[in-house]
Amino acid sequence: MDQKHIRNFSIIAHIDHGKSTLADRILELTQTVEKREMKDQILDSMDLERERGITIKLNAVQLRYHAKNGEDYLFHLIDTPGHVDFSYEVSRSLAACDGAILVVDAAQGVQAQTLANVYLALENDLEIIPVINKIDLPSAQPEVVKKEIEDLIGLDCSNAVEISAKTGKNVDQVLEAIVHDLPAPSGDPQAPLQALVFDSLYDSYRGVIAFVSIKNGTIKPHDTIRFMATGAEYEVLEVGVHTPKEVTESQLNTGDVGWISAAIKNIEDVRVGDTITNANQPADQPLQGYREMNPMVYCGLYPVDNARYDDLKEALEKLKLNDASLHFEPETSQALGFGFRCGFLGLLHMDVVEERLEREYNLQLIATSPSVIYHVYKTDGTMEPIDNPSALPPAQKINRIEEPYVRAEILVPNEYVGPMMELCQKKRGEYVDLQVLDDIRMQLVYELPLSEIIFDFFDKMKSATKGYASLDYELIGYRPSNLVKMDILLNGQVVDALSTIVYKDFAFNRGNAMAIKLKELIPRQQFEIPVQAAIGGKVIARTNIKALRKNVLAKCYGGDISRKKKLLEKQKEGKKRMKMVGSVEIPQEAFMAVLSMD
Ligand code: GDP
Ligand code: MG
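Looking at an unreviewed UniProt entry, the chain carries the name Elongation factor 4, with the source organism given as Absicoccus porci. Taken directly from UniProt, the Subcellular location (unreviewed entry) text for the chain runs: "Cell membrane". Recorded in UniProt for the chain, the comment headed Catalytic activity (unreviewed entry) runs: "GTP + H2O = GDP + phosphate + H(+)".

Next up, the structure:
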């Protein structure tokens, strides 16, 4: 197809504003997917995405559109995630596009992630088409929302399309807007190949499959390609696109978005953000890559069965191909054995990675409680970054500890400003600014410790504002804080995987809450187990897990064998996610207890 008839675009929006639903309608209208194959949120191909109803991975799909001017167009649509944890995926997909459709919910209006995504789109020089969605809702206020978009973002909304992605109303006008208002890719088909790798995955038969946006030149089977960052060279076996089924093509041209397979067995050779060129006629320069994303949250991941350490390692390596923002390195815990310290962009990201490892790689894991990176300035004048509380040097060797702070921008309806400010204060927030956005909403700015945001801030914010507030945050640097390490002792022994770093004034309450929570979560055993929280060897909270009263099997004495078996099986089932630490069995939930306190 003529390059002038290609359109590469993303759909961007705040979470739940209707990206995936709009993508479904577009696939239907262009007959990309036949009606009988259609299911909701078809681009959300991961089981996990469908179950949770959120988009995690970006997905690219090629579609053909017969426009009202009688001409045919080739669209590459890239669906993106909306949650703040996955903005890395968003920025990657945007770099593969020339334009973006901005979806805004007609009842909810502009939200924090709407703004954040618009800024990413502008950074990538994308043309933006505003679309007002959910006009079928009785509470829809398209005029108010348009004005909001004009005031807050500065986008002209006089031609904004008002749609219902749910019913399909006016979605055809979105397709026309794509044809008329978005630019065609500007690359040069005669120039040396420059293909941006925006994603990749590992296929056990074919090796690494790279997803690329062809910015200049062409690529076809038998070409020798070079990854410009790593220098690795391969002969191309196959190229193709997703429609959304995988389809093989004879060649990918400038402006195409597709996949490349080249029997790449060495995972290290392929880096997301790298440029692929032709080894025989290389480009002078790689394309502009991506900002490296630094993890914000760390936790330890350990196989329940120690023998599966190597499997976990391999799974992490493969998953990283598909999720470049995941970081990991080996670590050991006295309590849990050999595992990995893993870095994530946020708690949802952590949750998703853990679940993908379990499902896609059939592993059973214990995750330790999450931590941010602390900067520990020692008395010898050096600074040590610490992402694992149990690695904190002894107090007498510490001069001061600094922790990461974020600037949080919160959009909140007027009536919830009070409760929202209260929450921020409680989380050690420092007030920066409050501005009136329009008649109904304000923008609140606070500086907060990242550690307070990553735990239960989202949940607390939701309940304080009935779900009407939204949050976006960015790291602003490190500040000194009065922090201490809190150890947990079970049966008199410190369990390193349960140690946390806490704000000193909160320590007493947290210690108590933690002890009570652990008492709830750790099943009774044959003997009494003291649970203690301690700071620097001084116990600050204590409780006991009582011993089991009697053997559960005693009830079955002389009775029917099958019932006895069932009971044993049930016990075994419950034990799956337990880890023996010393003489105490600890369930997975206990390691996460710190998340569900206050
Ligand atoms: P995403 O998070 O932006 O991908 O949002 P989804 O497409 O998953 O939609 C979020 C929710 O809004 C789902 O329950 C959709 O069924 C619903 N939704 C999407 N578009 C519309 C619409 O036009 N009208 C109504 N009433 N609901 C919609
Ligand atoms: Mg979605």
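Novice: Tell me about the overall build of the chain, residues and numbers included.
Specialist: Check the secondary structure of the chain and you find 14 helices and 31 strands. In the chain, which comprises 598 residues, the proportion classed as buried is 55%. A total accessible area of about 26,800 Å² is found for the chain, and carbon and sulfur atoms account for 47% of it.

Novice: Help me get a handle on the nonpolar core, residues and values and all.
Specialist: The biggest cluster of nonpolar side chains holds 51 residues, and the ones touching the most others in it are Leu357, Ile410, Met420 and Phe457. If you tally residues by element for this core, the top one is strand E21 (residues 398-413), at 6 residues. Built from parts of two domains, this core gets at least three residues from each of domain 3 (297-368) and domain 4 (374-481). Once residues lying within four places of it in the same chain are set aside, the contact partners of Ile410 are Met420, Cys424, Met442, Gln443, Leu444, Met461, Ala469, Ser470 and Leu471.

Novice: Which residues make up the site of ligand 1, and what values go with them?
Specialist: Taken together, 15 residues surround ligand 1, and among them Asp16, Lys19, Ser20, Thr21 and Asp136 come closest. At 3.0 Å, a backbone N or O of Gly18 approaches an oxygen atom of ligand 1. Within the side chain of Ser20, an N or O atom sits 2.8 Å from an oxygen atom of ligand 1. At 3 residues, the largest contribution of residues to the shell around ligand 1 is made by helix H1 (residues 19-29). The residue makeup of the shell around ligand 1, split by class, is 3 nonpolar, 7 polar and 5 charged.

Novice: Tell me what's going on with the UniProt feature "binding site: GTP" (unreviewed entry) in the chain, and back it up with residues and numbers.
Specialist: In this structure's numbering, the residues bearing the UniProt feature "binding site: GTP" (unreviewed entry) are Asp16, His17, Gly18, Lys19, Ser20, Thr21, Asn133, Lys134, Ile135 and Asp136. Tracing the chain through its elements places His17 in the loop between strand E1 (6-13) and H1. If we ignore the near neighbours within four places in the chain, the residues touching His17 are Val103, Val104, Asp105, Gln108, Gly109, Gln111, Thr114, Asn133 and Lys134. Positionally, Lys134 belongs in the loop between strand E5 (127-133) and helix H5 (142-153). In this structure the side chain of Lys134 is engaged in a polar contact, spanning 2.7 Å, whose partner is the backbone oxygen of Asp16.

Novice: With reference to specific residues and values, describe the packing of aromatic side chains.
Specialist: Throughout the structure, instances matching the rule amount to 9 aromatic pairs. Measuring from centroid to centroid gives 5.9 Å for Phe328 and Phe340, while their planes differ by 85°, and the two rings are edge-to-face. Of this pair, Phe328 sits in strand E16 (residues 327-333) while Phe340 sits in strand E17 (residues 337-344), and the two are 12 residues apart along the sequence. The class of Phe340 is buried, set by a relative accessible area of 1%. What links up through ring pairs into an aromatic cluster is the set Tyr309, Phe328, Phe338 and Phe340. A cation over a ring is seen here: Arg400 above Tyr377, with NZ or CZ 3.9 Å from the ring centre. In this structure, Arg479 packs its charged tip against the face of Tyr405, placed 4.7 Å from the ring centre.

Novice: Tell me what's going on with the packing of helix H9 (residues 417-426) against helix H11 (residues 457-464), and back it up with residues and numbers.
Specialist: Interaxial distance between H9 and H11 falls to 9 Å at its minimum, and their mutual angle equals 155°. The pairing of H9 with H11 is recorded here as roughly antiparallel in orientation. The hand of the H9/H11 crossing is right-handed. Contact residues: Pro419, Met420, Leu423 and Cys424 in H9; Phe457, Lys460, Met461 and Ala464 in H11. For the contact of H9 with H11, the residue count by class is 7 nonpolar, no polar and 1 charged.

Novice: Tell me about the sheet that holds strand E15 (residues 297-303), and please be specific about residues and values.
Specialist: In spatial order, the strands read E16-E17-E15-E18; together these 4 strands make up an open sheet with antiparallel pairing. With partners counted over all chains shown, the strands left at the sheet margins are E16 and strand E18 (365-367), one partner each. Here the strands of the sheet are splayed against their neighbours by 30° on average, with no regard to which way each runs. Sheet topology places E15 next to E18; 3 bridges connect them, and they run antiparallel. Bridged to Leu301 within E18 is Ala367. In the packing of helix H7 (residues 309-322) onto the sheet, the strands contacted are E15, E16, E17 and E18, and the crossing angle to E17 comes to about 15°.

Novice: Residue-level account of the packing of H7 against helix H8 (residues 347-360), with values.
Specialist: A pair of packed helices is captured by two measures, namely the crossing angle of their axes and the spacing between those axes. At their nearest, the axes of H7 and H8 sit 11 Å apart, and the two run at 120° to each other. In terms of crossing hand, the pair formed by H7 and H8 is right-handed. Contacts from Leu312, Ala315, Leu316, Leu319 and Asn322 in H7 reach Val353, Arg356, Leu357 and Glu360 in H8.

Quick notes on the rules
Residues numbered from 1 in each chain as written. Chains lettered and ligands numbered in written order. Predicted model: local features only at pLDDT ≥ 70, side-chain atom pairs only at ≥ 80, totals over all residues. Heavy atoms only, no water. UniProt positions renumbered as here; feature names shortened; annotations may be inferred. Helix = DSSP H or I, 4+ residues; strand = E, 2+ residues; numbered from the N terminus. Buried < 20%, exposed > 50% of the residue type's maximum accessible area, 1.4 Å probe, protein only. Areas by Shrake-Rupley, 256 points an atom, 1.4 Å probe, with all protein chains shown as cover. Core = buried A, V, L, I, M, F, W, Y, C linked by side-chain atoms within 4.5 Å. Domains from an automatic or database assignment. Contact = heavy atoms within 4.5 Å. Near = heavy atom within 4 Å. Polar contact = N/O pair within 3.5 Å; in protein donor to acceptor, adjacent residues only side chain to side chain. Nonpolar A, V, L, I, M, F, W, Y, C, P; charged D, E, K, R; others polar. Phe/Tyr/Trp six-rings, centres within 6.5 Å; stacked < 30°, edge-to-face > 60°. Lys NZ or Arg CZ within 6 Å of the ring centre and 35° of its normal. Axes fitted to C-alpha atoms, helices over the stretch in contact; angles between N-to-C directions. Parallel < 35°, antiparallel > 145°, perpendicular 65-115°, else oblique. Left-handed = near helix turned anticlockwise from the far one by under 90°. Pairing = 2+ DSSP bridges.

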